[in-house]
Amino acid sequence: SVGVRLADGWETRVPTAPDVYARASLAIRADARLTAGTAVKVLDDLKSRRGVPGSLRVDNGPEFAGKMLDLWAYCNAVTLDFSRPGKPTDNAFIESFHGRLRDECLNQHWFLCLDEVKDRTERWRVEYNRERPHSALGNLAPEAFASQQAGARRSGRG
């Protein structure tokens, strides 16, 4: 997650759920605090829209290292892949993604309230997925890449 300070000095957390394979931003949910309950709520929402992943790469923060996320992962047959403490290179794409989010969105605005953070980050997420080409995806935007992959899977079936 990334932190952002509001105009009144209150710090909020902005947890993200990037898809490393498709270079997509699946979710950005600004909230007053990041808890295991928040993480599970985001994962349940993603589960209903996209299904469950085989594994999740997470850091060792308390929102990920507790029993609540462990139980969710167990019940959904998801492997939790914890990065090594102090080794941001274990999560290179996520660290890069968070840097872009900070530079292109969070550092560009002076946020008056949490709702403004939610609105701006969601607009940035949509633009990132629809309009931002990635060299790792053959210079396609994540949504175009996902559509291309889905089409290839469909044509391969029959």
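Coordinates for the structure precede this section.
A few points on the structure. (Residues numbered from 1 in each chain as written. Predicted model: local features only at pLDDT ≥ 70, side-chain atom pairs only at ≥ 80, totals over all residues. Heavy atoms only, no water.)

### Some points on the overall build of the chain
Part 1: Within the chain, the secondary structure is distributed over six helices and six strands.
Part 2: Listing the helices and strands of the chain from first to last along the sequence gives β-β-β-β-α-β-α-α-β-α-α-α.
Part 3: The C-alpha atoms of the chain give a radius of gyration of 16 Å, which matches the 15 Å a tight globule of 158 residues would have.
Part 4: Overall size of the chain, expressed as C-alpha extent along the three principal axes, is 60 × 35 × 30 Å.
Part 5: Within the chain, the proportion of its 158 residues that are buried is 38%.
Part 6: Carbon and sulfur atoms make up 50% of the accessible area of the chain, which amounts to about 9,400 Å² in all.
Part 7: Considering the chain, the positive charge centre built from 24 side chains and the negative charge centre built from 21 side chains are found 5 Å apart. (Helix = DSSP H or I, 4+ residues; strand = E, 2+ residues; numbered from the N terminus. Rg over C-alpha atoms; globule rule 2.2 N^0.38 Å. Buried < 20%, exposed > 50% of the residue type's maximum accessible area, 1.4 Å probe, protein only. Areas by Shrake-Rupley, 256 points an atom, 1.4 Å probe, with all protein chains shown as cover. Lys, Arg positive; Asp, Glu negative; His and termini not counted. Charge placed at Lys NZ, Arg CZ, Asp CG, Glu CD.)

### Quick notes on the pairing of strand β2 (residues 11-14)
Part 1: Burial of β2 is one-sided: the residues T12 and V14 facing one way are buried, the residues E11 and R13 facing the other way are not.
Part 2: Direction of pairing for strand β1 (residues 2-5) relative to β2: antiparallel, over a ladder of four bridges. Bridge pairing in β2 links V2 to V14.
Part 3: Taking the residues between adjacent antiparallel strands as the criterion, β1 and β2 are bridged by five residues, where G9 takes a positive phi near 95 degrees. (Pairing = 2+ DSSP bridges.)

### What about the nonpolar core?
Part 1: Core analysis: the largest hydrophobic core is formed by 16 residues, its most contacted members being V14, L101, L106, V117 and W124.
Part 2: Listing elements by their share of this core, those giving two or more residues are β1, α4 (92-104) and α5 (114-131). (Core = buried A, V, L, I, M, F, W, Y, C linked by side-chain atoms within 4.5 Å.)

### Description of the environment of S55
Part 1: Within the fold, S55 resides in strand β5 (residues 55-58).
Part 2: Of the residues examined, S55 reaches a relative accessible area of 43% and is grouped as partly exposed.
Part 3: Sequence-wise, S55 and K67 are 12 residues apart; in three dimensions their C-alpha atoms are separated by 17 Å.
Part 4: Not counting residues up to four positions away in its chain, the partners in contact with S55 are V78 and T79. (Contact = heavy atoms within 4.5 Å.)

### Section: the pattern of salt bridges
Part 1: Applying the stated criterion across every chain, the model contains 11 salt bridges.
Part 2: Notably, a salt bridge pairs R50 with D19, separated by 3.4 Å at the nearest N-O pair. With a gap of 31 residues between them, R50 in helix α1 (residues 36-50) and D19 in strand β3 (residues 16-19) connect regions that are remote in the sequence.
Part 3: Judged by its relative accessible area of 16%, D19 falls in the buried class.
Part 4: E122 is the salt-bridge partner of R125, the closest N and O atoms lying 2.8 Å from each other. (Salt bridge = Lys/Arg side-chain N within 4 Å of Asp/Glu carboxyl O.)

### Some details on α4
Part 1: The end-to-end C-alpha distance of α4, which contains 13 residues, comes to 18 Å, matching closely the 18 Å that a straight helix rising 1.5 Å per residue would cover.
Part 2: Within α4, burial applies to F93, I94, F97, H98, G99 and L101.
Part 3: Buried residues along α4 sit against β1, β2, β3, β4 (24-28), β5 and α5. (Expected span 1.5 Å × (residues − 1).)

### A few points about the packing of α1 against helix α3 (residues 67-75)
Part 1: α3 packs onto α1 with a crossing angle of 20 degrees between their chain directions and a minimal axis gap of 8 Å. Relative to α3, the element α1 is oriented roughly parallel. α3 is crossed by α1, and the crossing has right-handed handedness. Between α1 and α3, the contacting residues are A36, G37, V40, L43, D44 and K47 on the first element and M68, L69 and W72 on the second.
Part 2: Taken together, the residues of the contact of α1 with α3 break down into six nonpolar, one polar and two charged. (Axes fitted to C-alpha atoms, helices over the stretch in contact; angles between N-to-C directions. Parallel < 35°, antiparallel > 145°, perpendicular 65-115°, else oblique. Left-handed = near helix turned anticlockwise from the far one by under 90°. Nonpolar A, V, L, I, M, F, W, Y, C, P; charged D, E, K, R; others polar.)

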